[in-house]
Amino acid sequence: MGALDDQVALVTGAGRAHGIGRAVALRLASAGADVAVCDIARPVPELEAAGVGLGDDPAELEQTAELVRRLGRRSVAIAMDVSNRASADEGVAALTESLGGVGVLVNNAGSAVGVAPFEQISDTEWETSWRVNVLGAVNLSRAVLPGMKEAGRGTIINIASTLGVAALAEYGAYVPAKHAVVGLTRLLAQELAPFGIRTNAVAPGYIVTDMGKAEQAKIATAMSVSVSDAVDAILDEIPVGRLGAPDDVANAVAWLADPASSFVNGAILPVHGGQTPGFA
Ligand SMILES: NC(=O)c1ccc[n+]([C@@H]2O[C@H](COP(=O)([O-])OP(=O)(O)OC[C@H]3O[C@@H](n4cnc5c(N)ncnc54)[C@H](O)[C@@H]3O)[C@@H](O)[C@H]2O)c1
């Protein structure tokens with residue numbers, strides 16, 4: 001018996017082999033959930049411009065679904081643009097038809113578009129960052145809420161960031177957007193708990209994914225050092241002495257989805273190896 005045996009989970013942004021989304025999907029499946037996975041699954045030039053790649057390959061998304069099935073759970077792969085409300089609604093309707101109502105929503109899709117010095121961020125980058133990082137979570141939450149309310153239970157877990165609780169120079173549109181994800185989490189925790197729905201967030205620090213590696217390269221360029229020297233500088237800030245892995249975030253998400261955490265609501269759980277200062 002797994003803790004999530006009779007549950008359907010939805011994980012957004014789960015279409016990349018080394019991403020947090022795939023790790024979360026597999027971890028929730030290990031806990032017994034059937035898992036719908038979604039990603040953009042088509043080229044989006046304005047997001048590619050962030051230089052961090054995108055889950056634009058439908059085959060890679062389908063592979064996440066296949067890995068869930070190999071764990072003995074049901075799965076569907078849905079192409080969905082979380083920043084578009086109609087796309088979110090259609091995607092949730094389709095996966096509900098095949099798997100049943102969503103009990104666990106993990107808003108993981110995100111973008112580092114607009115990570116740059118403040119004066120260099122374009123209007124389009126501000127808008128795109130807000131639409132993906134913030135409205136993505138808003139759209140998906142709205143889409144699953146009627147079903148959760150009807151069921152009288154549900155869990156929403158937003159993937160924020162340490163940059164949702166503290167700022168670093170030159171992280172541009174990402175910092176305000178992730179702060180908004182934290183605010184949204186706290187709002188929904190207050191508003192939805194009476195319906196049996198808990199809302200929490202995970203705030204990852206440096207996690208080794210494609211986005212994380214692009215980040216290391218950016219830091220190396222900014223410091224005019226090699227990537228390995230940049231990683232050493234990052235490690236100096238992390239008391240546990242290592243970078244995070246997608247599974248570190250997935251394990252935190254699994255605990256927040258588990259009824260064992262049923263008195264945890266509105267928490268912003270740092271998964272950053274104790275990185276200080278300011279990132280608690
Ligand atoms: N890697 C890190 O160090 C780190 C640290 C803190 C927070 N995060 C957050 O964790 C989450 C996962 O990041 P990751 O490191 O796995 O990066 P990633 O780039 O591998 O994953 C992000 C996924 O979101 C998808 N996505 C982007 N826009 C979308 C849209 N409009 N609709 C649907 N899907 C869309 C992408 O295609 C991609 O698959 C993000 O929210 C990110 O901001 C990552």
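Residues numbered from 1 in each chain as written. Predicted model: local features only at pLDDT ≥ 70, side-chain atom pairs only at ≥ 80, totals over all residues. Heavy atoms only, no water.

- As recorded in an unreviewed UniProt entry, the protein goes by the name SDR family oxidoreductase, listed as coming from Amycolatopsis pithecellobii.

1. Some points on the overall build of the protein
Inference 1: The secondary structure content of the protein amounts to nine helices and seven strands.
Inference 2: Here the C-alpha atoms of the protein give a radius of gyration of 18 Å, agreeing with the 19 Å that 2.2 N^0.38 yields for 280 residues.
Inference 3: Looking at the protein as a whole, 52% of its 280 residues are labelled buried.
Inference 4: Pairs at least 24 apart in sequence give 74% of the contacts found in the protein among residues at least 6 apart.
Inference 5: Surface summary for the protein: the accessible area is close to 12,000 Å², and the carbon and sulfur share equals 55%.
Inference 6: In the protein, 19 positive and 31 negative side-chain charges are present, and the distance between their average locations comes to 7 Å. (Helix = DSSP H or I, 4+ residues; strand = E, 2+ residues; numbered from the N terminus. Rg over C-alpha atoms; globule rule 2.2 N^0.38 Å. Buried < 20%, exposed > 50% of the residue type's maximum accessible area, 1.4 Å probe, protein only. Contact = heavy atoms within 4.5 Å. Areas by Shrake-Rupley, 256 points an atom, 1.4 Å probe, with all protein chains shown as cover. Lys, Arg positive; Asp, Glu negative; His and termini not counted. Charge placed at Lys NZ, Arg CZ, Asp CG, Glu CD.)

2. Section: a negative patch on the surface
Inference 1: Together, Asp229, Asp232, Asp236 and Glu237 line one region of the surface with negative charge.
Inference 2: Inspection of the secondary structure assignment puts Asp229 in helix H8 (residues 227–236). (Patch = residues over 30% accessible without salt bridge, like charges linked within 9 Å, V, L, I, M, F, W, Y side chains within 5 Å. Salt bridge = Lys/Arg side-chain N within 4 Å of Asp/Glu carboxyl O.)

3. Things to note about the domain arrangement of the protein
Interface size is commonly expressed as the accessible surface area that is lost when the partners come together.
Inference 1: By domain assignment, the protein separates into domain 1 (8–205 + 245–266) and domain 2 (208–243).
Inference 2: Buried surface at the junction of domain 1 and domain 2, summed over both partners, amounts to about 920 Å²; 50% is from carbon and sulfur atoms.
Inference 3: Looking at the side of domain 1 facing domain 2, the largest losses of area belong to His18, Val52 and Tyr171, adding up to 38% of the total buried there.
Inference 4: On the surface where domain 1 and domain 2 come into contact, there are two salt bridges.
Inference 5: Between Arg242 and Asp248 there is a salt bridge whose closest N-O contact spans 2.8 Å. (Domains from an automatic or database assignment. Buried area = accessible area lost by both parts, 1.4 Å probe.)

4. What to know about the sheet that holds strand S7 (residues 268–271)
Inference 1: Read across the sheet, seven strands follow the order S3-S2-S1-S4-S5-S6-S7 without closing on themselves; strand pairing throughout is parallel. This sheet does not close on itself; its edge strands, each paired only once, are strand S3 (75–79) and S7. Each neighbouring strand pair of the sheet contributes to a mean axis angle of 15 degrees, computed without reference to strand direction.
Inference 2: For strand S1 (residues 8–12) and strand S2 (residues 34–39), the ladder comprises five bridges, and the chain directions are parallel. Counterpart to Val8 in the pairing with S2 is Asp34.
Inference 3: Here helix H4 (residues 85–99) sits on the sheet in contact with S1, S2 and S3, set at roughly 165 degrees to S3. (Pairing = 2+ DSSP bridges. Axes fitted to C-alpha atoms, helices over the stretch in contact; angles between N-to-C directions.)

5. Looking at the packing of helix H5 (residues 123–151) against helix H6 (residues 174–192)
Inference 1: Interhelical geometry of H5 versus H6 gives an angle of 20 degrees and a closest axis separation of 8 Å. Put simply, H5 runs roughly parallel to H6. At the point where H5 passes H6, the crossing takes the right-handed sense. Note on element contacts: H6 touches H5 through Tyr174, Pro176, Ala177, Lys178, Ala180, Val181, Leu184, Leu188 and Leu192, opposite Trp126, Ser129, Trp130, Asn133, Val134, Ala137, Val138, Ser141 and Leu145.
Inference 2: Of the residues belonging to the contact of H5 with H6, the class tally is 14 nonpolar, three polar and one charged. (Parallel < 35°, antiparallel > 145°, perpendicular 65-115°, else oblique. Left-handed = near helix turned anticlockwise from the far one by under 90°. Nonpolar A, V, L, I, M, F, W, Y, C, P; charged D, E, K, R; others polar.)

6. Focus on the site of the ligand
Inference 1: If you check the shell around the ligand, you find 28 residues, and the closest are Asp39, Gly55, Asn108, Tyr174 and Thr209.
Inference 2: In this structure, an oxygen atom belonging to the ligand sits 3.0 Å away from a side-chain N or O atom of Lys178.
Inference 3: Protein burial of the ligand: of its 800 Å² of free accessible surface, 97% is covered by the chains.
Inference 4: Taken together, the elements giving at least two residues each to the shell around the ligand come down to H6 and helix H7 (210–223).
Inference 5: Class assignment for the residues of the shell around the ligand results in 15 nonpolar, nine polar and four charged. (Near = heavy atom within 4 Å. Polar contact = N/O pair within 3.5 Å; in protein donor to acceptor, adjacent residues only side chain to side chain.)

7. As for the packing of aromatic side chains
Any two aromatic rings considered together are summarised by their centre-to-centre distance and by the angle between their planes.
Inference 1: Using the criterion set out here, one finds one aromatic pair in the structure.
Inference 2: Centroid distance Phe118 to Trp126: 6.1 Å. Interplanar angle 75 degrees. Geometry classified as edge-to-face.
Inference 3: A cation sits over an aromatic face here: Lys149 above Phe195, 4.3 Å from the ring centre. (Phe/Tyr/Trp six-rings, centres within 6.5 Å; stacked < 30°, edge-to-face > 60°. Lys NZ or Arg CZ within 6 Å of the ring centre and 35° of its normal.)

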